Each structure stands twice: as C-alpha cells, then as structure tokens.
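In case you want the letters, here they are:
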Amino acid sequence: EADIYQTPRYLVIGTGKKITLECSQTMGHDKMYWYQQDPGMELHLIHYSYGVNSTEKGDLSSESTVSRIRTEHFPLTLESARPSHTSQYLCASSERQGRSNIQYFGAGTRLSVL
Amino acid sequence: AQKVTQAQTEISVVEKEDVTLDCVYETRDTTYYLFWYKQPPSGELVFLIRRNSFDEQNEISGRYSWNFQKSTSSFNFTITASQVVDSAVYFCALSEEKTNDYKLSFGAGTTVTVRA
C-alpha cells in the first residue's frame, strides 16, 4: 500500500489567489511526479523530480512551479490561480532505480478556480 | 503521436459478465514496461500490474487477468465475473527505458460501469 499523501483533497478558490498543493511520501522514494488530469481524461505529466534540489518540467506546459527541498516533500505552487487551472492534480512517487519504476499515487487534489 | 491507445472510451456491463479492456502501445525501445492502473470515483490511481517487455507470460490475479502480446503490441486486461466495485476508470500506461527515462505515458482511459 502506498504511503503518499496530498492535501487538500478539495480546494475552491478565487481568481488571483496564490495556492500551494502539498504532497508528502513516507516511502523514501527519490523520484516524485505531478500530473494534471481533467475530468474523464488522461493524465499529463507537468513536473518531476529525481531527488532533492532536482526539478524538471514535464510534457504538458504548466504555469505552476515545484520545489524539492526534502526527499519526502514535493509541493506545487500556483502564484496566481485562474479558472483554466481548474483540474485534478495527482502526485506520485517511485524508487530511484529505473527498473523499480512503479509509481504510487496520492488521492489527488481537486482544484476549482472561480 | 499517442504512445498508448485505449480505443474503448466506455464499457457498460451487468454484474457477473466478463469485460475486456484493450490497450495498444507504440515504442521503439527494446526495454519497456506496461502498466494498468484503476481509478475509482474517489480519484486516486491504484496500481494493478506491471509487465516488462521480456516477459510475455499471461498473468492471473483473482478475477483479473492480463494478456501481453508483443506481436500485436497489445496488453489487454480482462475482469472475469465483474462486480459493482469494479466500476472505475482503467488506465493503461507505458514506461520506456531510453525514450522517456522510465516516465509513464498514459492512455486516455476506459470507463467501466458494472450495473447490479
């Protein structure tokens, strides 16, 4: 069973607000990921990290930013939320070695920007 | 180009029927992995299975079974004697060693509805 936690589960916020979505894992995984998923649609990778102080942009361009100061923590920040940011955001983690590449997911944050 | 194609958008069955979800993938890597994940209405993705490109053995886990065929680039998933709790969106995903450094490429998902 995965030990990866996302908060909040649901967030409704007004346009222009700064928000941070939290993601923490207790498995000691080096690799962490953020995906964006619109309702009923596929997942798109927006950010990933291979370890502390390592962050990269994913396949889908996103106005969000991430940081990785601690192995277990990978928060995602939107400086100024807009309605186009309304979506579900899923965090995942996996072990560093390439062959141990099962990604374990958190429960997700459903964001609505009004 | 879409690396993972799940042609079935939605499938609706009555309880106890079998349901097969199709997944076709595209890669030039010789080393790759295929996955199935389940996303129930609560939203999290639950890992179901991982298969590597060198192992074409079919696998059965309870009511779930998977059929991997490299010749047709397919990795199909069958739920036998479906139950209402199987209602979810199911995603097939591909992880490539060289092309994508093991990151996951997801299909669009198949929504399975099991009616009582």
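Presented here is an overview of the structure given in this document. (Residues numbered from 1 in each chain as written. Chains lettered and ligands numbered in written order. Predicted model: local features only at pLDDT ≥ 70, side-chain atom pairs only at ≥ 80, totals over all residues. Heavy atoms only, no water.)

As for the nonpolar core
Thought 1: Of all hydrophobic cores here, the largest spans 23 residues; its most connected members are B:Leu21, B:Leu34, B:Trp36, B:Trp66, B:Phe75, B:Phe77 and B:Tyr90.
Thought 2: Elements represented by at least two residues in this core include exactly strand S2 (10–14), strand S3 (19–21), strand S5 (32–39), strand S8 (64–69), strand S9 (74–79), strand S10 (88–96) and strand S12 (110–115) of chain B.
Thought 3: Top element by residues in this core is S10(B). It accounts for four residues.
Thought 4: Once residues lying within four places of it in the same chain are set aside, the contact partners of B:Phe75 are B:Cys23, B:Leu34, B:Phe35, B:Trp36, B:Ile49, B:Arg51, B:Trp66, B:Asn67 and B:Phe68.
Thought 5: Of all hydrophobic cores here, the second largest spans 20 residues; its members include A:Tyr50, A:Leu90, B:Val89 and B:Ala93. (Core = buried A, V, L, I, M, F, W, Y, C linked by side-chain atoms within 4.5 Å. Buried < 20%, exposed > 50% of the residue type's maximum accessible area, 1.4 Å probe, protein only. Helix = DSSP H or I, 4+ residues; strand = E, 2+ residues; numbered from the N terminus. Contact = heavy atoms within 4.5 Å.)

Digging into the pattern of salt bridges
Thought 1: Scanning the model with the defined rule gives seven salt bridges over all chains in all.
Thought 2: A salt bridge links A:Glu72 to A:Arg70; the nearest nitrogen and oxygen atoms lie 3.1 Å apart.
Thought 3: Of the residues examined, A:Glu72 reaches a relative accessible area of 34% and is grouped as partly exposed.
Thought 4: Taken together, the salt bridges that share partners define one network made up of B:Arg51, B:Asp55 and B:Glu59. (Salt bridge = Lys/Arg side-chain N within 4 Å of Asp/Glu carboxyl O.)

Some remarks on the state of the cysteines
Thought 1: The final tally for this structure, using the stated rule, is two disulfides over all chains.
Thought 2: Here A:Cys23 engages in a disulfide with A:Cys91; their sulfurs sit 1.9 Å apart. The sign of the -75° torsion about the S-S bond sets the A:Cys23-A:Cys91 disulfide as left-handed. Within this pair, whereas A:Cys23 is found in strand S3 (residues 19–25), its partner A:Cys91 is found in strand S9 (residues 87–94), the two being separated by 68 residues in sequence. As far as burial versus exposure is concerned, A:Cys23 and A:Cys91 are alike and both buried.
Thought 3: A disulfide bridge connects B:Cys23 with B:Cys92, and the sulfur atoms are separated by 1.9 Å. Since a negative S-S torsion denotes a left-handed disulfide, the B:Cys23-B:Cys92 link at about -65° is left-handed. Here B:Cys92 lies in strand S10 and B:Cys23 lies in the loop between S3 and strand S4 (24–25), a separation of 69 residues in the sequence. Judged on exposure class, the residue B:Cys23 and its partner B:Cys92 are both buried. (Disulfide = S-S within 2.5 Å.)

Here we look at the interface of chain A and chain B
Thought 1: With 24 residues of chain A at the interface, the matching set in chain B holds 21 residues.
Thought 2: When chain A packs against chain B, close to 1,900 Å² is buried across both sides, 48% of that on carbon and sulfur atoms.
Thought 3: Counting across the chain A and chain B interface gives zero salt bridges.
Thought 4: Inspection of the chain A/chain B interface yields six residue pairs in polar contact (both at pLDDT 80 or more).
Thought 5: Broken down by secondary-structure element, the contributors of at least two residues to the side of chain A that touches chain B are strand S4 (31–37), strand S5 (43–51) and S9 of chain A.
Thought 6: Residue classes in the side of chain A that touches chain B are distributed as 11 nonpolar, eight polar and five charged. (Buried area = accessible area lost by both parts, 1.4 Å probe. Polar contact = N/O pair within 3.5 Å; in protein donor to acceptor, adjacent residues only side chain to side chain. Nonpolar A, V, L, I, M, F, W, Y, C, P; charged D, E, K, R; others polar.)

Here we look at the pairing of strand S6 (residues 46–52) of chain B
Residues and elements named next belong to chain B.
Thought 1: In this sheet, S6 lies alongside S5 in antiparallel orientation, the contact comprising six bridges. The partner of Lys38 across the bridge, within S6, is Val46.
Thought 2: Once S5 ends, the chain turns through six residues before running back antiparallel as S6, passing Gly43 with a positive phi of about 110°. (Pairing = 2+ DSSP bridges.)

Comments concerning the pairing of S8(B)
All names here are of chain B.
Thought 1: The side-chain alternation of S8 yields one buried face, formed by Tyr64, Trp66 and Phe68, and one unburied face, formed by Ser65, Asn67 and Gln69.
Thought 2: Pairing geometry for strand S7 (residues 59–61) and S8, over three bridges, is antiparallel. Its bridge partner being in S8, Ser61 is matched across the sheet by Tyr64.
Thought 3: Adjacent in sequence and paired antiparallel, S7 and S8 are bridged by two residues, among which Gly62 carries a positive phi angle near 65°.
Thought 4: Pairing analysis gives six bridges linking S8 to S9, with the strands arranged antiparallel.

By themselves these figures say nothing about function.
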